[in-house]
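Structural characterization, general
Letter by letter, the chains look like this.
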Amino acid sequence: EQAHHFRSLNDRKMTHRRAASWLFLTTAAATLVHAYEQDNDNEQCGMYLAESTIPNSGMGLFAGKNFRKTAIVGGSSVGVLCTDLDVHNGYEPPWPQYNYFWMPDGAEQEFDARVAEAMVPGIGALANYHPWHVNVKPRPSRFVDTMLNRTVDPGAGAMTYYDVDFFASQSIGAGEEIFADYGENWVLRRQDEGKLGIFPFKGDYEMASDIVQQVRQLVVENEEKSEKIVSTLKQIVYDLNDAVGSVLPATLNDLEHVLQHGITSLQLEKRSVEWLEEHGHCMDHIVPRKSTVEQAGRGLFATRNLKEGTAVVPMPLLHIMNKDEMEMYDWEVNEDGDRYRTDENTGKQLYLNYCFGDSASSVLMCPTSVGILVNHRSSTSTCAAGTGQCLEDRNSDGPNGELRWADWDETNEEWLNYSMEELGEATSKGRGMTLEIVATRDIQEGEEIFI
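Not measured: the values here are computed from a predicted model.

1. Examining the overall build of the protein chain
Counting its regular elements, the protein chain contains 12 helices and 20 strands. Looking at the protein chain as a whole, 50% of its 451 residues are labelled buried. Looking at the protein chain as shown, the accessible area adds up to about 21900 Å², and 47% of this sits on carbon and sulfur atoms.

2. Looking at the state of the cysteines
The full count for this structure, using the stated rule, is two disulfides. There is a disulfide in this structure between Cys 45 and Cys 282, and the S-S distance comes to 2.2 Å. Its S-S torsion of about 105° marks the bond between Cys 45 and Cys 282 as right-handed, since a negative value means left-handed. Note that Cys 45 is positioned in the loop between helix H2 (27-34) and strand E1 (47-51) and Cys 282 in strand E9 (residues 281-282), a separation of 237 residues in sequence. According to the relative accessible area criterion, Cys 282 is buried, its value standing at 11%.

3. Some remarks on the sheet that holds E1
Strands sit in the order E8-E2-E1-E9 across an open sheet of four strands; the sheet is antiparallel. Two strands lie at the open edges of the sheet, namely strand E8 (177-178) and E9, each paired on one side alone. As defined by bridge partners, strand E2 (residues 59-63) adjoins E8 across two bridges and the pair is classed as antiparallel. In the strand pairing of E8, Phe 62 is matched with Glu 177.

4. Some words on the side chain of Glu 177
Examined against the element boundaries, Glu 177 turns out to sit in strand E8. Of the buried charged residues, Glu 177 lacks a salt bridge, with Arg 271 as the closest side chain of opposite charge at 6.3 Å. A polar contact is formed between the side chain of Glu 177 and the side chain of Asn 128, at a distance of 3.2 Å. Setting aside anything within four residues of it in sequence, one finds Glu 177 in contact with Ser 52, Thr 53, Ile 54, Gly 60, Leu 61, Phe 62, Asn 128 and Asn 135.

5. Re the nonpolar core
One finds Trp 95, Val 312, Tyr 351 and Ile 449 to be the most contacted residues of the largest nonpolar core, which totals 47 residues. For this core, the secondary structure elements donating two or more residues are strand E3 (72-83), strand E11 (298-302), strand E12 (311-320), strand E16 (364-367), helix H12 (420-429) and strand E20 (434-439). Ranked by residue count, the leading element in this core is E12, at six residues. With residues near it in sequence (within four places) discarded, Val 312 still touches Cys 282, His 285, Ile 286, Leu 306, Ile 437, Val 438, Ala 439 and Ile 449.

6. Describing the pairing of E1
Summarising burial for E1: four of the five residues are buried, a large majority. Pairing of E1 with E2 involves five bridges; the strand directions are antiparallel. Each bridged residue has a counterpart across the sheet, and for Glu 51 the counterpart in E2 is Met 59.

7. Thoughts on the pairing of strand E4 (residues 116-119)
A two-sided burial pattern is seen for E4, the buried positions comprising Ala 116 and Ala 118 on one face and Glu 117 and Met 119 on the other. Of the strand pairs in this sheet, E3 and E4 are connected by four bridges, and their pairing is antiparallel. Note on E4: the bridge partner recorded for Thr 83 is Ala 116.

8. Remarks on the pattern of salt bridges
Side-chain pairing between opposite charges can occur once the charged atoms of the two side chains come close. For the structure shown, the criterion picks out 14 salt bridges. The salt bridge involving Asp 163 is made with Arg 298; its shortest N-O contact spans 2.8 Å. Note that Asp 163 is positioned in strand E7 (residues 162-168) and Arg 298 in strand E11, a separation of 135 residues in sequence. Taking relative accessible area as the criterion, Asp 163 reaches 15% and is therefore assigned buried. The class for Arg 298 is buried, based on a relative accessible area of 3%. Salt bridges here are not isolated pairs; linked through shared partners, they connect Asp 84, Asp 86 and Arg 114.

9. Looking at the environment of Met 321
Structurally, Met 321 can be placed in the loop between E12 and strand E13 (327-333). C-alpha of Met 321 to C-alpha of Met 365: the two residues are 44 residues apart in sequence and 8.8 Å apart in space. Aside from chain neighbours lying at most four places away, what touches Met 321 is Ser 362, Val 363, Met 420, Leu 423, Gly 424 and Thr 427.

10. A closer look at the packing of helix H6 (residues 202-221) against helix H9 (residues 252-261)
The contact between H6 and H9 brings their axes to 11 Å, and the two run at 125°. The angle between H6 and H9 falls in the class oblique. At the point where H6 passes H9, the crossing takes the left-handed sense. Residues Val 212, Gln 213, Val 215, Arg 216 and Val 219 of H6 pack against Leu 252, Leu 255, Val 258 and Leu 259 of H9.

11. Thoughts on unusual backbone geometry
Only a minority of non-glycine residues have a phi that is not negative, and only a minority of peptide bonds are not trans. Positive phi, normally seen in glycine, also occurs at Gln 295, with a value near 75°. Its location among the elements puts Gln 295 in the loop between strand E10 (286-290) and E11. Notably, Met 433 is not glycine yet its phi reads approximately 80°, a positive angle. With respect to the secondary-structure elements, Met 433 resides in the loop between H12 and E20.

12. Brief notes about the confidence of the model for the protein chain
In regions of low pLDDT, the predicted coordinates are not meant to be interpreted in detail. Here the protein chain shows a mean pLDDT of 85. Residues at 70 or above account for 85%. A low-confidence stretch, residues 1-17 stays under pLDDT 50, and its non-local contacts, those more than four residues away or across chains, total 62 contacts. Confidence drops under pLDDT 50 across residues 19-38; counting only partners more than four residues distant or on other chains, this segment forms 63 contacts.

Criteria and cut-off values
Residues numbered from 1 in each chain as written. Predicted model: local features only at pLDDT ≥ 70, side-chain atom pairs only at ≥ 80, totals over all residues. Heavy atoms only, no water. Helix = DSSP H or I, 4+ residues; strand = E, 2+ residues; numbered from the N terminus. Buried < 20%, exposed > 50% of the residue type's maximum accessible area, 1.4 Å probe, protein only. Areas by Shrake-Rupley, 256 points an atom, 1.4 Å probe, with all protein chains shown as cover. Disulfide = S-S within 2.5 Å. Pairing = 2+ DSSP bridges. Lys, Arg positive; Asp, Glu negative; His and termini not counted. Salt bridge = Lys/Arg side-chain N within 4 Å of Asp/Glu carboxyl O. Polar contact = N/O pair within 3.5 Å; in protein donor to acceptor, adjacent residues only side chain to side chain. Contact = heavy atoms within 4.5 Å. Core = buried A, V, L, I, M, F, W, Y, C linked by side-chain atoms within 4.5 Å. Axes fitted to C-alpha atoms, helices over the stretch in contact; angles between N-to-C directions. Parallel < 35°, antiparallel > 145°, perpendicular 65-115°, else oblique. Left-handed = near helix turned anticlockwise from the far one by under 90°. pLDDT = per-residue confidence, 0-100.

Structural data, given as structure tokens:
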């Protein structure tokens with residue numbers, strides 16, 4: 001505890017978020033999705049985190065089993081709002097989260113603040129974007145106001161009320177990468193900043209597909225010159241439109257491959273389930289539900305039996321270098337109608353409750369998976385009266401998991417040895433470091449996970 005943009009609260013800000021609304025569907029569409037359920041193969045992991053099929057894109061999410069069209073993919077998640085960050089800080093904080101935020105729209109989130117942005121862990125933060133292969137879309141968010149009574153429960157303001165999940169917009173086969181739609185503005189912004197090169201959009205792939213069919217006819221009619229025709233045409237198209245040209249096959253063998261397997265078959269590779277089991281990391285050992293801990297809101301529950309030592313869920317991290325940027329202030333409006341912050345502190349961003357930190361450090365580490373919802377339980381449950389000292393009760397139902405650095409993430413060792421200056425520079429360029437929750441004993445299906 002994405003899709004093209006449909007409505008912009010602020011067009012300037014819209015261009016550097018994942019510009020799609022995660023709440024754009026109608027109630028009728030939501031009803032249709034409810035009529036289908038995810039395939040029931042509980043022993044097989046349904047979603048993996050592994051190296052993306054898009055070159056130089058880091059990690060991505062993959063289906064571990066087949067999903068029917070409209071099936072829920074990856075289980076439920078949440079939307080954690082950050083509100084009016086620029087006003088509360090007097091500037092826009094240099095957070096890497098801005099490349100992961102969604103613009104909430106619908107269910108009245110737009111009324112939570114002048115500008116509200118949502119972190120959606122799981123698919124919303126970890127799925128990559130390929131305009132030709134978008135295969136998941138968000139359901140309408142649900143405002144869940146039943147876990148706590150906001151008039152009497154002290155924990156009511158410490159959790160998000162928005163549930164979010166994604167459904168398969170087309171059939172997804174086991175081994176296929178899961179792609180969400182960030183919106184073209186997300187790409188254009190990164191290109192303007194020099195962070196992204198040539199990027200074909202859906203229309204470019206459509207044009208390339210049409211050209212391939214025409215080249216096919218030319219090759220049939222001019223077999224002796226077929227190799228030259230393919231390479232020359234690619235160069236001509238590239239000179240006219242580099243996005244389209246970058247997609248076209250360069251050799252006759254490539255042309256035959258594309259005609260048989262599709263326009264992106266030279267770029268993307270379908271993973272086998274065996275490859276994912278060896279190189280990937282299961283993401284659906286857990287599912288969010290109402291916690292068994294009073295006032296805690298949501299928690300994580302095991303979807304299958306997990307043996308001691310199992311990596312329950314990986315948590316790739318986004319860093320915030322200055323935790324004071326979570327502070328919130330009252331504001332006033334000047335004669336020009338612009339808002340400015342006052343010195344009256346009114347609280348902290350809700351997102352702070354979903355990050356790890358330490359009182360001795362200015363740095364926050366914020367997970368991008370639903371591991372963000374794990375709750376705490378102490379094993380020290382017996383205390384000597386009047387002494388303030390507690391002794392470990394080994395018979396208590398204390399934590400069944402612990403945090404550790406993921407040994408498969410090569411950035412951990414490097415980043416852990418950075419100076420603060422080096423860490424800040426690395427954070428400004430992208431994501432790094434991964435924690436994971438590991439089972440400290442056997443965990444039964446349906447049991448809540450605690451650290």
